[in-house]
Amino acid sequence: MNEFFGQLAEAGYQVRPASFEDLPQLVPMSNAAEAELNGAGDWTVERYWKEWQESGIDLEASTRLVVAPDGSMVGCVELWDNFNPPVAPWIWGRVHPKWKGRGIGSALLAWALATSKRALDRLPEDARFAPNVATPADHRPSIELFESMAMTPCRYSWRMITD
C-alpha cells in the first residue's frame with residue numbers, strides 16, 4: 001500500500017478499506033464533493049448502505065478511504081469490477097473540496113487503476129480492458145487528474161433531470 005499512499009501516511013493520513021460503520025462520515029464527505037461537481041449531493045446513509053449491500057462489493061479489496069490527521073474523512077475510492085467479464089471496471093472516487101490539491105485524489109486513482117488489473121485474469125484473451133471514470137465536462141481538476149494518469153476521454157453522456 002505504501003507504493004500509493006506512502007506520502008499521505010508520512011503526512012499523518014490514514015488509508016484503509018471502507019466499512020459500513022464509516023457511512024455516517026463518508027456520506028457528508030461524498031455530498032460535499034458531489035455538490036462541487038454537480039451543484040448538490042443527495043447521498044444518504046441508507047442509499048449508500050443499500051448500494052454496497054445489494055451489489056456485493058468486497059469493501060476490503062475494492063475500496064480505500066483517506067482519513068486526515070484530525071480524523072476527518074477526506075477521500076474515498078471504489079473499484080467496481082464484480083461483474084463478468086470485467087472489461088470496463090468502474091472507478092468512482094471523491095475528495096472533499098477543502099482537501100483537494102494534496103495528492104489524495106492522485107493516490108486513490110493510482111491505487112484503483114493498479115488494483116483494477118486484477119480483473120485481467122478473468123478476461124478472454126481477445127478482450128479489450130479499459131477502466132472507466134467520469135466527471136462533468138467542465139470540471140478541470142478531475143480532467144487534469146485523469147490526464148495525468150494517461151487517461152483520455154472516449155465517450156460522453158447526457159443526464160436528464162426531471163423536476
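What you are looking at is a predicted structure, and each value in this text was computed from that prediction instead of being measured. (Residues numbered from 1 in each chain as written. Predicted model: local features only at pLDDT ≥ 70, side-chain atom pairs only at ≥ 80, totals over all residues. Heavy atoms only, no water.)

Next up on the list: the overall build of the chain. Along its length, the chain carries 6 helices and 4 strands. Counting only C-alpha atoms, the chain reaches 50 × 45 × 35 Å along its principal axes. Here the chain holds 163 residues, and 39% of them are scored as buried. Taking contacts inside the chain between residues at least 6 apart in sequence as the whole, the part at least 24 apart equals 65%. Put simply, the chain shows about 9800 Å² of open surface, and 51% of that area lies on carbon and sulfur atoms. Of the side chains in the chain, 15 bear a positive and 22 a negative charge, and the two mean positions are spaced by 3 Å. (Helix = DSSP H or I, 4+ residues; strand = E, 2+ residues; numbered from the N terminus. Buried < 20%, exposed > 50% of the residue type's maximum accessible area, 1.4 Å probe, protein only. Contact = heavy atoms within 4.5 Å. Areas by Shrake-Rupley, 256 points an atom, 1.4 Å probe, with all protein chains shown as cover. Lys, Arg positive; Asp, Glu negative; His and termini not counted. Charge placed at Lys NZ, Arg CZ, Asp CG, Glu CD.)

Let's shift gears to the nonpolar core. If you look at the biggest cluster of nonpolar residues, it comprises 22 residues, and the most contacted ones within it are Leu 8, Tyr 13, Val 66 and Ile 104. Elements that contribute at least two residues to this core include exactly α1 (2-10), β3 (73-80), β4 (90-95), α5 (104-116) and α6 (140-148). When residues in this core are grouped by element, the largest group, 7 residues, is from α5. Each residue touching Leu 8, except ones within four places of it in the same chain, is listed here: Tyr 13, Val 15, Val 66, Arg 102, Gly 103, Ile 104 and Ala 107. In this structure, Leu 23, Leu 59, Met 73 and Trp 80 belong to the second largest nonpolar core, which totals 15 residues. (Core = buried A, V, L, I, M, F, W, Y, C linked by side-chain atoms within 4.5 Å.)

Another point: the packing of aromatic side chains. Going through the model one piece at a time under the given rule, you end up with 8 aromatic pairs. Residues Tyr 48 and Trp 52 carry aromatic rings whose centres are separated by 5.1 Å and whose planes lie at 75 degrees to one another, so their mutual orientation is edge-to-face. Taken together, the positions of Tyr 48 and Trp 52, both in helix α3 (residues 45-55) and 4 residues apart, correspond to about one turn of that helix. What links up through ring pairs into an aromatic cluster is the set Phe 20, Trp 43, Tyr 48, Trp 49, Trp 52 and Trp 92. For Arg 47, the ring lying beneath its charged end belongs to Trp 43, and the centroid distance is 3.8 Å. (Phe/Tyr/Trp six-rings, centres within 6.5 Å; stacked < 30°, edge-to-face > 60°. Lys NZ or Arg CZ within 6 Å of the ring centre and 35° of its normal.)

Attention now goes to the confidence of the model for the chain. Reading fine detail from the predicted coordinates is not recommended where pLDDT is low. Looking at the chain, the pLDDT average stands at 90 and 97% of residues meet or exceed 70. The least confident element of the chain is α6, whose mean pLDDT is 83; the most confident is strand β2 (residues 63-67), at 98. (pLDDT = per-residue confidence, 0-100.)

To continue, consider helix α2 (residues 23-38). With 16 residues, α2 extends 21 Å between its outermost C-alpha atoms, agreeing within 8% with the 22 Å of an ideal straight helix rising 1.5 Å per residue. Among the residues of α2, Leu 23, Leu 26, Val 27, Met 29, Ser 30, Asn 31, Ala 33, Glu 34 and Leu 37 are the ones counted as buried. Looking at the buried side of α2, the elements it contacts are α3, β2, β3, β4 and α6. Trailing α2 by a residue or two, Gly 39 shows a phi angle of about 95 degrees, which is positive. (Expected span 1.5 Å × (residues − 1).)

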